[in-house]
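Each chain is listed here by its residues.
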Amino acid sequence: MFYRENGQFKSSYAADQQLLPILQDRVFMFALVAFAFIVVPLVVTDYVFLSLLIPFLILALAAIGLNLVVGYCGQISIGHAAFMAVGAYAAYNLVLRVPQLNFLVVLVLAGLVAAAVGLVFGIPSLRIKGLYLAVATLGAQFFMDWLFARVKWFTNYAHSGSVQTAPVELFGWSINSPQEKYVFLLAVLIVFTVIARNLVRGHIGRAWMAMRDMDVAAEVIGIRPVYAKLSAFAVSSFYVGVAGALWGFVHLGSWEPAAFNLTLSLNLLFMIIIGGMGSILGSFFGAAFIVVLPILLNQLPQFLGIPMSTAMVSHLEFMIFGALIVFFLIVEPHGLARLWAIGKEKLRLWPFPH
Amino acid sequence: MHKAKFVGLAVGLATAVAFGTGSALAQDKKGAPAKKAAAAGGGEQFFPVLSYRTGAYAPNGIPFANGFVDYLKLVNARDGGINGVRITFEECETGYATDRGVECYERLKGKGPTGATLFHPLSTGITFAVTDKSFVDKIPIVTFGYGRADSVDGTVFGWNFPLGGTYWDAADMLVQHVGKINGGVDKLKGKKIALVYHDSPYGKEPIALLEERARMHGYQLLLLPVTHPGVEQKATWLQIRQQRPDYVFLWGWGVMNSTSIKEAVATGYPRNQMYGVWWSGAEPDVTPAGDGAKGYNALTFLAPAGQGQVHKDIIKYVHDKGDATGKKEGFGEVLYNRGMVGAMMSVESVRRAQVRHGRKPLTGEQVRWGLENLAIDQAAIKRLGFEGFMSPISTSCVDHRGDSVAGIHTWDGKQWVVQKDVKLVADQAIIRPMIRASAEKYAAEKKIVKRDCAKESQQ
């Protein structure tokens, strides 16, 4: 009923190739974006912005980045928080040492630095794959943890290793209030999502997916593994680096090397596993699941008016959260994005399934 | 069947989301308009309590939180609140994690009729993170004995209050103390001091001062970081066995402290040459090491172990009424008492602020005046029943720390014994220039306009 695309004929290549070929999808997407830009800033409280929406937007961007290399190219990485750290510290040093730079330029440069580092740590993927590669990427994590904790130049010789940043300014617009941060992040995220969507359905993305599905066959049809794998690592690290810079500058404002530790890497990985590997939409679902759900669970007993000690609440939070992860992985191993796709398929036939 | 599953899921998610945002919405809405109408007076002062009763730091977090909350309950039960303004409070579990701490801060800052009174982040990492927010939210961040050392400077850090001492003070006191044992700090030349520290902003804070002192006195400083949570220290203590430092300063927290002491026993490093900071000298730190902990020393400030008049009141008004917090864990222990003193100083700063702003629920901004004009003298300490548990303290707009005095206590196998006639005062001639330089750097990086204290006091 909602998804009857009868009568929507494609009469040009442009119509055939657009991102959202079905009218209902386009309308829905534009409505959603308009809602996110106009309605959300008006109705949502500061708490929801600062604790839920802002971390969600930034980690969704990071999850998209990780999904490019893990979900699309099939190269497992469990050290991606390291590239977030590279992005964040690169941006910090750029702002500190070249204060004239516009923040958008800083973001892109930070992404490029992270991409370069990602390229280096992607080199092992040329020789090893699967779990062995996963272990090799751990090296990135530990190396970066060590680097930013021990080499003082990166933290501008801060005596406790914690760095702080001034509020972001863009063309005289100081991004300070939660609403402004949200709108800025949303805009960045939309731009990067559109780029990612187009990347993965173009020849580059196809090369990645061919590599993921069977590397020997991909080589036979003329895809160069060096190029495909390293480009996936570089683009992925770029995304994650930008997300790291935003995490530091817009979300945290001051951070220590431990902000980008192994836990964050694993969380990113869980996001794309639960959300759906090889799906941009899944990155959003996964980020929402990991960021928002624990906080909601933590507040649930209070909403329901059940008196409970804070220790009990946080134990329960861990248990329920863990159980839900297991539940979703059993019900739909392909992630929440797959559930969404199934739902859409059903709605297309509803109310008269075959 | 698939459809049913999907619909159920969708409904579940939708309710969860609607529920979550809706309630958060409601809670903030309740806080926001009331904030403006503060003058009307609702008769309740809200204290947020950031605590950790789970995770690797729970053994230390639980007694502290119990002491803090018990004292707040006592003020309500015994005095009917602060000059008639009743205290309300809410705990939020941070697990010592910075991100959850910030979430708790955001969750609690708008509650109560006038918003949060002040925050005790109870973690240096969380302190660093919420310091930025305090400038916008105008809520004081009280970090007694922890937090940023440079936040003593009230002209830059307008909302931070490291009451009673910072890690630079602590490190300075320890160097003075071991200097005194050797017959003067100049005798430390050629000695080796190892700093075994928690590899986080907390543990790294004292390094700057220890390096400064090392330049002055010519001792050799070994820096030995221990990663969170600190249960793996074999490599660290291997280095100590090789290097044989004359003293080990321990800057640990939670399970890391007891692990260090156990490793010292295993390495054969004499415990009486080990000195912990005031966060490394409580009962949960030494009891797991059993007899091996005997002779271990630590700084103590504000509150040593023991019971005084205030404890009797807590038993009478809180525990006997069946209102004890968390099964009375740690009652009368070091951290319980310290939590109690923390609550007391918070309550007293509200009382002080009421002198200027009236006996009604106050906002964080109004309470700041109380914190900046805190004057708890010996008579006040006695009146409050805290005799022997803290030394007098007075603050100002420029100096957000007040006086910093500490002693040394030693674990005798059963209890902490305060060493007589050891009274350590940090040498501000060394620390003050460091604070100024560091605060200036912070102000420049964050583009902060400094406060003019002379002008404010005239208003």
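Residues numbered from 1 in each chain as written. Chains lettered and ligands numbered in written order. Predicted model: local features only at pLDDT ≥ 70, side-chain atom pairs only at ≥ 80, totals over all residues.

Draft legend 1. Quick look at the overall build of chain B. Tallying secondary structure elements over chain B gives 16 helices and 14 strands in all. Whereas a compact globule of 459 residues would reach a radius of gyration of roughly 23 Å, chain B reaches 23 Å, a difference of no more than 12%. When its C-alpha atoms are laid out on the principal axes, chain B stretches across 70 × 65 × 50 Å. In chain B, which comprises 459 residues, the share counted as buried stands at 55%. (Helix = DSSP H or I, 4+ residues; strand = E, 2+ residues; numbered from the N terminus. Rg over C-alpha atoms; globule rule 2.2 N^0.38 Å. Buried ≥ 20, exposed ≤ 12 C-beta atoms within 10 Å, placed from the backbone.)

Draft legend 2. Region of interest: the overall build of chain A. Secondary structure summary: chain A contains 14 helices and four strands in total. Taking 20 Å as the expected radius of gyration for a compact globule of 354 residues, we find that chain A reaches 21 Å, a close match to that expectation. Summarising its shape, the C-alpha atoms of chain A cover approximately 70 × 60 × 45 Å along the three principal directions. With 354 residues in all, chain A has 47% of them scored as buried. Across chain A, the fraction of contacts at a sequence separation of at least 24, relative to all contacts at a separation of at least 6, is 76%. (Contact = placed C-beta atoms within 7 Å.)

Draft legend 3. Representation of the interface of chain A and chain B within the structure. Taken together, the contact between chain A and chain B spans 32 residues of the former and 41 residues of the latter. Those elements that place two or more of their residues in the side of chain A that touches chain B are α3 (46-72), α12 (280-303), α13 (310-331) and α14 (336-349) of chain A. Looking at side-chain class alone, the side of chain A that touches chain B contains 16 nonpolar, 13 polar and three charged residues. (Nonpolar A, V, L, I, M, F, W, Y, C, P; charged D, E, K, R; others polar.)

Draft legend 4. Broad picture of the packing of helix α7 (residues 178-201) of chain A against helix α10 (residues 225-252) of chain A. Residue and element names in this part refer to chain A. One way to put it is that α7 packs onto α10 with a least axis distance of 12 Å and a crossing angle of 175°. The orientation of α7 relative to α10 falls into the category roughly antiparallel. Counting all contacts with α7, which are made through Lys181, Leu185, Val188, Phe192 and Leu199, the residues of α10 involved are Val235, Tyr239, Leu246 and Val250. Looking at the contact of α7 with α10 residue by residue, the classes come out as eight nonpolar, no polar and one charged. (Axes fitted to C-alpha atoms, helices over the stretch in contact; angles between N-to-C directions. Parallel < 35°, antiparallel > 145°, perpendicular 65-115°, else oblique.)

Draft legend 5. Summary view of the environment of tyrosine 105 of chain B. Residues and elements named next belong to chain B. Here tyrosine 105 is to be found in helix α3 (residues 98-108). Between the C-alpha atoms of tyrosine 105 and alanine 439, which are 334 residues apart in sequence, the distance is 24 Å. Residue contacts for tyrosine 105: discarding those within four places in its chain leaves Phe119, Val130 and Lys133.

Draft legend 6. Layout of the packing of helix α4 (residues 80-97) of chain A against α10 of chain A. All names here are of chain A. One can describe the packing of α4 onto α10 by two numbers: an axis separation of 7 Å at closest approach and a directional angle of 60°. The pairing of α4 with α10 is recorded here as oblique in orientation. In the packing of α4 onto α10, the handedness of the crossing is right-handed. Contacts from His80, Phe83, Met84, Ala85, Val86, Gly87, Ala88, Ala91 and Tyr92 of α4 reach α10 at Ser237, Val240, Gly241, Val242, Ala243, Gly244, Ala245, Trp247, Gly248 and Phe249. (Left-handed = near helix turned anticlockwise from the far one by under 90°.)

Draft legend 7. Summary view of the environment of valine 347 of chain B. All names here are of chain B. Tracing the backbone through its elements, the reader meets valine 347 in helix α12 (residues 334-357). Counting along the chain gives 125 residues from valine 347 to leucine 222, while the straight-line C-alpha distance between them is 41 Å. Those residues in contact with valine 347 that lie beyond four places of it in its chain are Val75 and Ile82.

Draft legend 8. Representation of α3 of chain B. By the criterion of burial, α3 of chain B is predominantly enclosed, with eleven of the eleven residues buried. Inspection of α3 of chain B places Thr98, Asp99, Arg100, Gly101, Val102, Glu103, Cys104, Tyr105, Glu106, Arg107 and Leu108 of chain B among the buried residues, and these make up the whole buried set. For α3 of chain B, the secondary structure elements touched by its buried residues are α3 and α12 of chain A together with β1 (44-51), β2 (86-93) and α4 (124-137) of chain B.

Draft legend 9. The domain arrangement of chain B, seen in detail. Residue and element names in this part refer to chain B. As far as domains go, chain B holds domain 1 (31-165 + 305-398) and domain 2 (167-300 + 409-429). Domain 1 and domain 2 are separated by 28 Å when their C-alpha centres are compared. The partner domain 2 presents 20 residues to the 15 residues of domain 1 that form the contact. Top contributing element to the side of domain 1 that touches domain 2 by residue count: α4, with three residues. In terms of residue class, the side of domain 1 that touches domain 2 is built from nine nonpolar, five polar and one charged. (Domains from an automatic or database assignment.)

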